Structures are given as structure tokens and as C-alpha cells.
Amino acid sequence: MKLTREEAWALFTEYNESESLRNHGLAVEGVMRYFARKYGEDEDFWGIVGLLHDLDYEKYPEEHCKKTREIMEERNIDDAYIHAIECHGYGLCTDVEPKERMEIVLYTIDELTGLITAAALMRPSKSVMDLELKSVKKKFKDKRFAAGVNRDVITKGAEQWGVPLDEVISETILGMREVAESIGL
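Quick look at the structure, then. All residue numbers refer to position in the chain's written sequence, counted from 1. Selection of residues for local features in this predicted model requires a pLDDT of at least 70, selection of side-chain atom pairs for listing and counting requires 80 or more, and totals for whole chains, interfaces and linings are taken over all residues. Excluded from the side-chain calculations are hydrogens and water; all other atoms, namely the structure's heavy atoms, are used.

## A look at the overall build of the chain
Right, on to step 1. Helical segments are the DSSP runs of H or I of at least four residues, strand segments are the runs of E of at least two, and each set is numbered from the N terminus. A tally of regular secondary structure across the chain gives 9 helices and 0 strands.
Right, on to step 2. Ordered by position from the N terminus, the helices and strands of the chain form the series α-α-α-α-α-α-α-α-α.
Right, on to step 3. Against the 2.2 N^0.38 benchmark of 16 Å for 185 residues, the chain shows a C-alpha radius of gyration of 15 Å, consistent with a compact globule.
Right, on to step 4. For the chain, the spread of C-alpha atoms along the principal axes amounts to about 45 × 35 × 30 Å.
Right, on to step 5. Looking at the chain as a whole, 49% of its 185 residues qualify as buried.
Right, on to step 6. Here, two residues are considered to be in contact whenever any of their heavy atoms come within 4.5 Å of each other. Across the chain, contacts joining residues at least 24 apart in sequence account for 65% of those joining residues at least 6 apart.
Right, on to step 7. To measure how exposed things are, a 1.4 Å probe is used in the Shrake-Rupley method; for residues, cover is taken only from the protein chains shown. Entry remark: accessible area of the chain is about 8900 Å², with carbon and sulfur atoms responsible for 48%.
Right, on to step 8. When charges are counted, neither His nor the chain ends are considered; positive counts come from Lys and Arg and negative counts from Asp and Glu. To locate a charge, take NZ of a lysine, CZ of an arginine, CG of an aspartate or CD of a glutamate. Looking at charge distribution, the chain has the averaged site of its 25 positive side-chain charges lying 8 Å from that of its 37 negative ones. Each radius of gyration is computed over the set of C-alpha atoms, and the globule rule expresses the reference value as 2.2 Å times the number of residues to the power 0.38. Each residue gets one of three labels from its accessible area relative to the maximum for its type: buried under 20%, exposed over 50%, partly exposed in between, using a 1.4 Å probe on protein chains only.

## Digging into helix 5 (residues 79-87)
Right, on to step 1. Among the residues of helix 5, Y81, I82, A84, I85, E86 and C87 are the ones counted as buried.
Right, on to step 2. Here a polar contact means two N or O atoms within 3.5 Å. Within protein one must be a hydrogen donor candidate and the other an acceptor candidate, and residues neighboring in sequence count only if both atoms are side-chain atoms. With a side-chain oxygen positioned 2.8 Å from the backbone nitrogen of A80, the residue opening helix 5 is D78.

## Notes on the nonpolar core
Right, on to step 1. Think of a nonpolar core as a cluster: buried Ala, Val, Leu, Ile, Met, Phe, Trp, Tyr and Cys residues, connected wherever their side-chain atoms sit within 4.5 Å. Grouped together as the largest cluster of nonpolar side chains are 54 residues, with contacts concentrated most on L52 and M72.
Right, on to step 2. Tallying contributions element by element places helix 6 (residues 101-121) first for this core, with 10 residues.
Right, on to step 3. Apart from residues no more than four positions distant in its own chain, M72 is found in contact with L3, L52, L55, I77, Y81, I82 and I85.

## Details of helix 8 (residues 151-161)
Right, on to step 1. Taken residue by residue, helix 8 has R151, V153, I154, G157, A158 and W161 as its buried positions. The buried residues of helix 8 occupy one face: seen down the axis, they fall within an arc of 160°. Those residues of helix 8 that are exposed and angled more than 90 degrees off the buried face are D152, K156 and E159.
Right, on to step 2. Against helix 2 (19-39), helix 6, helix 7 (133-141) and helix 9 (165-178) lie the buried residues of helix 8.
Right, on to step 3. Looking at where helix 8 begins, the residue whose side-chain oxygen comes 3.0 Å from the main-chain nitrogen of D152 is N150.
Right, on to step 4. Directly beyond the C-terminal end of helix 8, a positive phi value near 80° is found at G162. It is the directions from the helix axis to the C-beta atoms whose arc is reported.

## Quick notes on the layout of surface pockets
Right, on to step 1. Definitions used for this entry: grid spacing 1 Å over protein atoms alone; cavity, a set of points where a 1.4 Å probe fits but cannot get out; pocket, an open set with protein on both sides within 12 Å along at least 5 of 7 lines; lining residue, one with an atom within 4 Å of a point. Grid points are joined across faces, edges and corners, and a volume is the space filled by probe spheres set on the points. Reported here for the largest pocket is a volume of approximately 430 Å³.
Right, on to step 2. Counting only elements with at least two residues in the lining of the largest pocket, the list comes to helix 2 and helix 6.
Right, on to step 3. Sort the elements by how many residues they give to the lining of the largest pocket and helix 6 lands first, with 6 residues.
Right, on to step 4. When residue character is reported, Ala, Val, Leu, Ile, Met, Phe, Trp, Tyr, Cys and Pro are called nonpolar, Asp, Glu, Lys and Arg charged, and the others, Gly included, polar. Looking at the lining of the largest pocket residue by residue, the classes come out as 7 nonpolar, 9 polar and 3 charged.

Next comes the structure, spelled out in C-alpha cells:
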């Protein structure tokens, strides 16, 4: 079964009550939609995968990515969503390697949106609207800043994607700007 945006949001909010996790899901969805448009891909599919990528994280952090498969299979949701979501945890909590461009984009920007969010919240404006590449790069280099963000995943993802890291960061900021109001940035 394919999902509508409304069905995906209902499912996501059923399993995630935390405002920060919801905002993260919306941020990743927005960035995935941005890149889908850029590459002429299915914006709804990419966006829904982005929204649901942390479906199981709040309730089942020890089974992250694995519990998503179970939840989605019980609802007869198309395996294309499940497989793509599993890929974002490659090397961390799954052995499902991202191969398709959409999977690689998700793998890369998941951690990156967290870093960008943290960098934006440090600004006087608390917004991505005036956030610049150089600010994010400075924070990227400081391993103590947003220490939970796995910079190796971002770097490996950009390399596998074949896009320079600076461009990935700049484009991700632009994607987040499109949803800034809905994510509180």
C-alpha cells in the first residue's frame, strides 16, 4: 500500500509525541521534497520517506529501523518505503546499505538536518533563514558542538552521493528554509 501525506503524518504522530522529533521529521521531509524536485523525482514518495524515517525512534530507540519494518508491514505498507527507511541507519543500526539516490540523500541529510537545526538555534534569530554555509562548516568541525551528530555519516553520504560536502550543506539549508515556519526555525 502506498501512503498519502495525511496517512504518513497520522502514523508518525501515533508513534512520536516529542515536538523535537516531530520537527526533525518535518525538516527531513522538507529537505527530501526539495531534493526530489531538484532531481525530478517523486516528491511525495521522497517526502513521506523523510517524514517517516524515525517512525520507531521515540518508542523503540533500541530497535531503531528494525521496529519500523514490523510496524509498516503490519499495515501492509509498500516495501519501497520500508527499505528506504532502513537504509538511513546503515552502519549504525542496520546493515541495509543505501544504493539508490533517494536512499543516499536520506542517509546523508538525516544527521545534517540535526546539525543545521542546532546551528540555527545558536543564532540570535534562531532561524535557518539567515544561516550561512560558513557557520555550519565551523560547527561541523567542532566535534563538541551537537556531539550526537555523526559527522562521518554526513561525509560518507556526500561522498557516495558524489556531491561536494559544501553543496550538500548549502542545499540542505535551502530545503530547510522551505519548511522553516513549520519546524520553528
